[in-house]
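The residues making up each chain are set out below.
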2 protein chains.
Amino acid sequence: MFTFSPIGFVESPYKETSSIPRGLGAKHETEGVLEILREFEPGLADIEGFSHLYVLWAFDRADGFDLIAHPPTDEKRPHGVFSTRSPRRPNPIALTVVELLGRNGTSLRVRGVDMLDGTPILDIKPYLSSIPQEKLRRGLAEAELRKN
Amino acid sequence: MFTFSPIGFVESPYKETSSIPRGLGAKHETEGVLEILREFEPGLADIEGFSHLYVLWAFDRADGFDLIAHPPTDEKRPHGVFSTRSPRRPNPIALTVVELLGRNGTSLRVRGVDMLDGTPILDIKPYLSSIPQEKLRRGLAEAELRKN
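Residues numbered from 1 in each chain as written. Chains lettered and ligands numbered in written order. Predicted model: local features only at pLDDT ≥ 70, side-chain atom pairs only at ≥ 80, totals over all residues. Heavy atoms only, no water.

### Focus: the confidence of the model for chain A
In the predicted model, chain A carries a mean pLDDT of 88, and the fraction of residues at 70 or more is 82%. Interface scoring of the predicted complex returns ipTM 0.88; its pTM is 0.89. (pLDDT = per-residue confidence, 0-100.)

### A look at the sheet that holds strand β4 (residues 52-58) of chain B
All names here are of chain B. Spatial strand order, β2-β3-β8-β7-β4-β9: six strands in a closed barrel with antiparallel pairing. Taken over all neighbouring pairs, the strand axes of this sheet differ in orientation by 45° on average, direction set aside. Here strand β2 (residues 8-11) runs beside strand β9 (residues 120-126); their pairing, made up of two bridges, is antiparallel. Looking at the pairing, Gly-8 lines up with Ile-121 of β9. (Pairing = 2+ DSSP bridges. Helix = DSSP H or I, 4+ residues; strand = E, 2+ residues; numbered from the N terminus. Axes fitted to C-alpha atoms, helices over the stretch in contact; angles between N-to-C directions.)

### Quick notes on the relation of the copies chain B and chain A
Here the two chain copies are tied together by a rotation about an axis and a shift along that axis. With an RMSD of 0.0 Å, the fit of chain B onto chain A corresponds to turning through 180° and sliding 0.0 Å along the axis. Classification of the inter-copy transformation places it as that of a two-fold axis. Distance from the rotation axis, computed per C-alpha, reaches its smallest value in chain B at Thr-3 of chain B: 2.2 Å. A share of 100% of the interface residues of chain B reappears at the interface of chain A, consistent with the copies meeting face to face through the same patch. (Least-squares fit on C-alpha atoms with pLDDT ≥ 70 in both. Contact = heavy atoms within 4.5 Å.)

### Quick look at the packing of aromatic side chains
Counting across every chain of the model gives eight aromatic pairs over all chains. Seen from their ring centres, Tyr-54 of chain A and Tyr-127 of chain A are 4.9 Å apart, and the 65° between their planes marks the pair as edge-to-face. One end of the pair, Tyr-54 of chain A, is in strand β4 (residues 52-58); the other, Tyr-127 of chain A, is in the loop between β9 (120-126) and α1 (142-147), with 73 residues separating them in the sequence. Note on Tyr-54 of chain A: relative accessible area 3%, which makes it buried. Three or more aromatic residues joined by ring pairs form one cluster here, namely Tyr-54 and Tyr-127 of chain A together with Tyr-54 and Tyr-127 of chain B. (Phe/Tyr/Trp six-rings, centres within 6.5 Å; stacked < 30°, edge-to-face > 60°. Buried < 20%, exposed > 50% of the residue type's maximum accessible area, 1.4 Å probe, protein only.)

Here's what the structure looks like:
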């Protein structure tokens, strides 16, 4: 068992789940703020050097899990939960890649939020992907991503 | 406070931290197995459709944290922990992108492990990055990644 506490909270325009664009191919251009707790501010040093960040956060409003999920973009076909981004997963940890627009002390202004307002942040890491696009197969999301 | 339990464990050739290639630009081509607990097997349905997976795992052998970290590739210059992949972070959650080579029941054979043998796995998600390489700035890792 591992116990984690928030390092900060998301300020997002989304007040309810139904307003967040959903599905594996959804575009997320919405701006928001990652507001980090004052005690962790020294840990943000040098973060401005990265254009994109991984944000690990908790699906704090998810209740329980299903091993078989019904993605919103393909309702007719259920999928194993680990092939989806469903919030109803055994460990309700979420991952979002955001673009860092600017920092002001403990506030990171970012583009690409898909979290509800007030969502607890567990970790921030630099995004460094160097996997070429042409090497990726994206399973059930491929058709959705091509549409966008 | 959020409490998470392993969904499985990593089988890796790395028995000690010192044998794992370190640093933001390190290449990880090592093969290993993500052995998922039997009770979660239905959650793996359709995972074969993805070439790459996110693995969220616990730095279970890290003890405490530092807000200022000394990355192995740039020892002279300390960095904020959230600009690094240091295991000594407030919430010791790790993230690795692996290539899925094959699945046999609850065993996912993957390339790119950088975990110690026996590492607890917290979650698996499809990897879907569609951020073009030319849009990425990779801060202190840029020089390291160019070398590789």
